[in-house]
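Tertiary structure, described
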Amino acid sequence: MTQPHYILLPVNPLFIAFSLALAFLLNFLPWGGFIAVPDFVALVLVFWSIHQPRKVGIGVAFVMGLLMDVHDAIHLGENALAYTLLTYFAITIHRRVLWFHPLTQSLYVFPLFLFVQCLQIAVRLIVAPDAHFPGWLYFSESVVTTALWPIATLILLAPQRRAINKDDTRPI
């Protein structure tokens, strides 16, 4: 194996809050009618639920879901339910997923993102009987969100990595 093994530093809780706030702001962007726009909040919630399940749990997911419900102006609780279940399932598989390379981890998180979209569609169709099925291209959002997983892993773990070469002037 040619890649070095990193010993990660403890994560700063302010960095977790910053990443969740940034993901929330990225979901605010006016994407319009674009197809396959990723759900950044779901991506960051799954990431932190897998890497730090004691710091980001179901309560954080519920609050983020309520905030997304208010932002999207949809049925109150739709995203809250979806993000809560998403975080629960991410926490249940977190030990298994951490053993793999980020590209392989994508195969584990794809069903989670797809499940969230199926749940959101089911809630919309149950609550509003006059709603219509948006089509199969709607599910391309989970594919794009899964494709962003290795990039999110690289970016969100960057502050925790120690340098490979030891520097005598650094305390750690």
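So, here is what we can say about the structure in this document. These numbers come from a predicted model, not from an experiment.

Of the pockets and cavities examined, the second largest pocket occupies roughly 590 Å³. Lining the second largest pocket we find 23 residues, and of these V37, D72, R124, Y138 and E141 sit closest to its centre. Elements that contribute at least two residues to the lining of the second largest pocket include exactly α3 (58–72), α4 (78–92) and α6 (102–127).

V41, L45, V46, W48, Y83 and L86 are the most contacted members of the largest nonpolar core, which totals 34 residues. Sorting the residues of this core by element identifies α1 (13–28), α2 (40–51), α3, α4, α6 and α8 (149–157) as the ones contributing at least two each. Take this core: its biggest share by element is ten residues, from α2. Apart from the residues within four sequence positions on either side, L45 is in contact with L20, V56, V60, A61, M64, Y83 and T87.

For the rest of this paragraph, the subject is the side chain of E78. Relative to the elements of secondary structure, E78 occurs in helix α4. When residues no more than four places from it in sequence are discounted, the contact partners of E78 are D69, Q120, V123 and R124.

Okay, a nonpolar patch on the surface next. Residues I58, Y88, F89 and F115 make up a contiguous nonpolar surface patch of roughly 330 Å² in combined accessible area. Assignment of secondary structure puts F115 in helix α6. Look at F115 and you get partly exposed, because its relative accessible area is 32%.

Before going further, it helps to examine the packing of α1 against α2. At their nearest, the axes of α1 and α2 sit 7 Å apart, and the two run at 160° to each other. Taken together, the axes of α1 and α2 lie roughly antiparallel to each other. On α2, the residues that touch F15, I16, S19, L20, A23, F24, L26 and N27 of α1 are F40, V41, V44, L45 and W48. Within the contact of α1 with α2, the residues separate by chemical class into eleven nonpolar, two polar and no charged.

So, how was this worked out
- Throughout this document, residue positions are counted from 1 along each chain, in the order its sequence is written.
- Local features in this predicted model are restricted to residues whose pLDDT is 70 or higher, and side-chain atom pairs enter the listing and the counts only when it is 80 or higher, whereas totals over whole chains, interfaces and linings include all residues.
- Think of the side-chain values as coming from all heavy atoms in the structure, minus any hydrogens and water.
- Grid points spaced at 1 Å and placed over the protein atoms alone form the basis of the search, with a cavity being a set where a 1.4 Å probe fits but cannot get out and a pocket an open set showing protein on both sides within 12 Å along at least five of seven lines. Lining residues have an atom within 4 Å of a point.
- Grid points are joined across faces, edges and corners, and a volume is the space filled by probe spheres set on the points.
- Helix numbering and strand numbering both begin at the N terminus, where a helix is a DSSP run of H or I of at least 4 residues and a strand a DSSP run of E of at least 2.
- Buried residues of nine kinds, namely Ala, Val, Leu, Ile, Met, Phe, Trp, Tyr and Cys, make up a nonpolar core once their side-chain atoms join them within 4.5 Å.
- Residue exposure (1.4 Å probe, protein chains only): buried if accessible area is under 20% of the type maximum, exposed if over 50%, otherwise partly exposed.
- Contact criterion: two residues are considered in contact whenever any of their non-hydrogen atoms come within 4.5 Å of each other.
- Note that patches include only residues with greater than 30% relative accessible area and no salt bridge, and the join distances are 9 Å for like charges and 5 Å for nonpolar side chains (Val, Leu, Ile, Met, Phe, Trp, Tyr).
- Note on areas: Shrake-Rupley, 1.4 Å probe, and residue coverage restricted to the protein chains presented here.
- Any Lys or Arg side-chain nitrogen found within 4 Å of a carboxyl oxygen on Asp or Glu counts as a salt bridge.
- Every axis corresponds to a line fitted to the C-alpha atoms, with the helix fit spanning only the stretch in contact, and the corresponding angles, defined between N-to-C directions, vary from 0 to 180 degrees.
- Roughly parallel here means an angle under 35 degrees, roughly antiparallel means over 145, roughly perpendicular means 65 to 115, and every remaining angle is called oblique.
- Only Asp, Glu, Lys and Arg are considered charged, only Ala, Val, Leu, Ile, Met, Phe, Trp, Tyr, Cys and Pro nonpolar, and every remaining residue, Gly among them, polar.

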